2 protein chains.
Amino acid sequence: MGKLVIVGTMAFDAIETPFGKTDKILGGAATYIGLSASHFNIDSAAVSVVGGDFPQAYLDFLKNNNIDVSGVEIIKDGKTFFWSGKYHNDMNTRDTLATELNTLADFNPVVPENYRDADIVMLGNLHPIVQSSVLNQMTKKPKLVVLDTMNFWMDSALDDLHNVIKNVDVITINDEEARQLTGEYSLVVAARKIHTMGPKYVIIKKGEHGALLFHNENVFFAPALPLEEVFDPTGAGDTFAGGFVGYLAKTEDTSFENMKNAVIYGSTLASFCVEKFGTERMQNLSNHEVHKRLEQFKKLTQYNIKLT
Amino acid sequence: MGKLVIVGTMAFDAIETPFGKTDKILGGAATYIGLSASHFNIDSAAVSVVGGDFPQAYLDFLKNNNIDVSGVEIIKDGKTFFWSGKYHNDMNTRDTLATELNTLADFNPVVPENYRDADIVMLGNLHPIVQSSVLNQMTKKPKLVVLDTMNFWMDSALDDLHNVIKNVDVITINDEEARQLTGEYSLVVAARKIHTMGPKYVIIKKGEHGALLFHNENVFFAPALPLEEVFDPTGAGDTFAGGFVGYLAKTEDTSFENMKNAVIYGSTLASFCVEKFGTERMQNLSNHEVHKRLEQFKKLTQYNIKLT
């Protein structure tokens, strides 16, 4: 079984959707990625930073989910990163109401010694210089480096972003961001351009419309499970990424064929995440529930055609 | 092999896309449905109306594609239905520049005697009263009635629409129309409501985002093939429907499992349609090309997961 290191934010989120609103709850990319990957019972560590206001109970909760948190720096007199957002009725668009970087502003990630030889590195959405610094700490070339990013860094740190992108194997990015990064409307053409920037594998996330995995001229598509209602989309992309890397770490097979399965697992886990606020649904998710939903995915997507 | 009757428009289309524009070319729902279904070498007839300006060459072309056109009424001193539209840069939205109903305004479809016992009836997008009148002419209850419609009839003839919908087995409708018809945002909930209106099968078309097939609590999803460029989306929905009914007529199996295959065939044929203007790409489409693309669909969607 492979070893996984995850770098990303840990945060307080305050979320408003048409179904209700929350006070400050546990959030952050590393949290969602870690919880999702922990489903695979792998050896994983989260690298992050929080303030003295971050409850020990949250860290204990992550630890109880088999996530090593020794790489989570606690800045006693600092405050934890805070994000607040409000989703529109269609759940596909949202307004950011507040972003308080706090301790995240000076985040200087330190990968624990015993994870510097990890097989898989998952670089959650952060400043590309921070992402690069994690890669520089690895004592052994990882089998797979996966990077998530967003349009904010394309606007504010494009050169740094290109510098880290050229060193990763897989990039996950949403459709609009893929278009922004490449100047191409067609996602097929955009993925091809991103290949030339470094990543051999490109995952384009389309939210409720699923995700595409590109590898040169090969492409695979995983739909999102059609749900009666999406309660809160927060963390769905990170949960998807966590399922993807978790499955690859578990199976130790980074072939394109196995990445198809990893994408299906990612989509499956994300389908739970959106059913409740924040991490709530991911907290008590059983293997049995996941397997049942994988069966639903199979029925949703698999067919046996007779050529005419 | 089943017998298929198709009712729908035959038209002149003038199309403008970011890639260019056409003069009046062959268009119309019955044309696209017929050409797509003809790929299956089935016994099919088109029921439509055109004016004296409709070239005999077009009718010959359809006949040469194995489509019985004896049910296409020619009104010598009338003009053929004309539609003109301009697509925006994203290809997902368009402006209608002109709609001249002409002979379509008084369309009184007559199903040829030898098709009144057809196994499958495909009701292309038309006034719901016209669609009903076709059903009333059938001397034998068809195995399957498939109906396509659009928001225009929901706005202008909702009662008539409900009257015909309750007599069909399958409805094809796009996502926004499904929401309008039911007042539900969730497509899962919308499909469930449409079931109660009559159709046991509901196909919700999402354009470049694929199509969903619902049957009670069962759901199947077929993506659209990711293409380098969509040249002209005109007729894609009708081509999809034509592939769907053509495959079902060919295989004579209207089970949900076989409908999955029919949806994949529909999506496959539609992926060709959008590659050129109007019907151009569908005119010289070989079986070999279709089979190759079905292989692409398989690679795009099929996986073999190991449960962890």
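For clarity, every value in this text was computed on a predicted model and none was experimentally measured.

Participant: Would you mind going over the pattern of salt bridges with me for this structure?
Facilitator: Once the charged atoms of two side chains with opposite charge are near each other, the side chains can pair. Residues and elements named next belong to chain A. Counted under the stated rule, the structure contains 32 salt bridges over all chains. A salt bridge links Glu 217 to Arg 192, with the shortest nitrogen-to-oxygen separation between them at 3.7 Å. On the criterion of sequence distance, the pair formed by Glu 217 in the loop between strand 13 (211-215) and strand 14 (218-222) and Arg 192 in helix 7 (residues 187-197) is long-range, its members being 25 residues apart. The partner of Arg 281 in a salt bridge is Glu 275, and the shortest N-O contact between them spans 2.9 Å. Looking at Glu 275, the relative accessible area reads 24%, which means it is partly exposed. Salt bridges linked by common partners bring Glu 275, Arg 281, Glu 289 and Arg 293 together as one network.

Participant: Would you mind going over the relation of the copies chain A and chain B with me for this structure?
Facilitator: In this arrangement, two copies of a chain are superimposed by a rotation about an axis accompanied by a shift along the axis. Each copy of the sequence occupies a distinct position, and chain A is placed on chain B by a rotation of 180° and an axial shift of 0.0 Å, giving an RMSD of 0.0 Å. Considering both components of the superposition, the chain copies are consistent with a two-fold axis. Mapped onto chain B, 98% of the interface residues of chain A are again interface residues, and the two copies thus contact each other with one and the same surface.

Participant: What is the right way to read the packing of aromatic side chains from this model?
Facilitator: The geometry of two aromatic rings is summed up by the distance between their centres and the angle between their planes. Residue and element names in this part refer to chain A. Under the counting rule described, the total for this entry stands at 21 aromatic pairs over all chains. Three or more aromatic residues joined by ring pairs make a cluster, and in this case those are Phe 12, Phe 54 and Tyr 58. The ring of Phe 82 has Lys 24 sitting right over it, with the charged end atom 4.6 Å from the ring centre.

Participant: Honestly, the UniProt feature "domain: Carbohydrate kinase PfkB" (unreviewed entry) in chain A in this entry has me stumped. Any pointers?
Facilitator: Sites flagged by UniProt as "domain: Carbohydrate kinase PfkB" (unreviewed entry) map to residues 3-280 of chain A. In residues 3-280 of chain A, the share of helix is 35% and the share of strand is 28%. The end C-alpha atoms are 26 Å apart.

Participant: What is the right way to look at the interface of chain A and chain B in this model?
Facilitator: By a frequent convention, interface size equals the accessible area lost on bringing the separate parts together. The interface of chain A with chain B comprises 42 residues on the first partner and 41 residues on the second. Together chain A and chain B conceal approximately 3900 Å² of surface at their shared face, both sides included; 55% is due to carbon and sulfur atoms. Arg192(A) is the partner of Glu228(B) in a salt bridge, and the nearest nitrogen-oxygen pair spans 3.0 Å. Run the count over chain A and chain B and you get 18 residue pairs in polar contact (both at pLDDT 80 or more).

Participant: Even after reading the chapter, I still don't get the side chain of Asn125(B), so can you show me in this structure?
Facilitator: Residue and element names in this part refer to chain B. Tracing the backbone shows Asn 125 in the loop between strand 9 (120-123) and helix 3 (128-137). Among the polar contacts listed, one links the side chain of Asn 125 to the side chain of Trp 153, at a separation of 2.7 Å. When sequence neighbours within four positions are dropped, the list of residues in contact with Asn 125 reads Thr 9, Gln 131, Asp 148, Thr 149, Met 150 and Trp 153.

The rules behind these values
Along each chain, the written sequence defines residue order, and numbers are assigned to residues from 1. Chains carry letters from A onward and ligands carry numbers from 1 onward, assigned in written order. Restriction of local features to residues with pLDDT of at least 70 applies here, the model being predicted, together with a cutoff of 80 or more for giving and counting side-chain atom pairs; totals for whole chains, interfaces and linings are based on all residues. Derived side-chain values reflect all non-hydrogen atoms in the structure, with water molecules and hydrogen atoms excluded from consideration. By definition, a salt bridge exists where a carboxyl oxygen of Asp or Glu is found within 4 Å of a side-chain nitrogen of Lys or Arg. Under the scheme used here, helices are H or I runs from DSSP no shorter than 4 residues and strands are E runs no shorter than 2 residues, and both carry numbers assigned from the N terminus. Note on classification: 1.4 Å probe, protein chains only; a residue is buried when its accessible area is under 20% of the maximum for its type, exposed when over 50%, partly exposed between these limits. Copy-to-copy superposition: least squares on the C-alpha atoms, limited to residues that have pLDDT of at least 70 in both copies. For this analysis, residues touch if any pair of their heavy atoms sits within 4.5 Å. Each Phe, Tyr or Trp ring, with Trp reduced to its six-membered ring, pairs with another whose centre is within 6.5 Å; inter-plane angles below 30 degrees give stacked pairs, above 60 give edge-to-face pairs, and intermediate values give tilted ones. For a lysine, the NZ atom is tested; for an arginine, the CZ atom; a charge sits over a ring if that atom is within 6 Å of the ring centre and within 35 degrees of the ring normal. UniProt positions are given in the numbering used here, feature names are shortened, and annotations may be inferred rather than shown by experiment. Note on terms: buried area is the combined drop in 1.4 Å-probe accessible area of two parts once they are placed together, counting the loss on both. Distance and chemistry together define a polar contact, namely a pair of N or O atoms within 3.5 Å, with one atom able to donate a hydrogen and the other to accept it when in protein, and with adjacent residues in sequence counting only for side-chain atoms on both sides.

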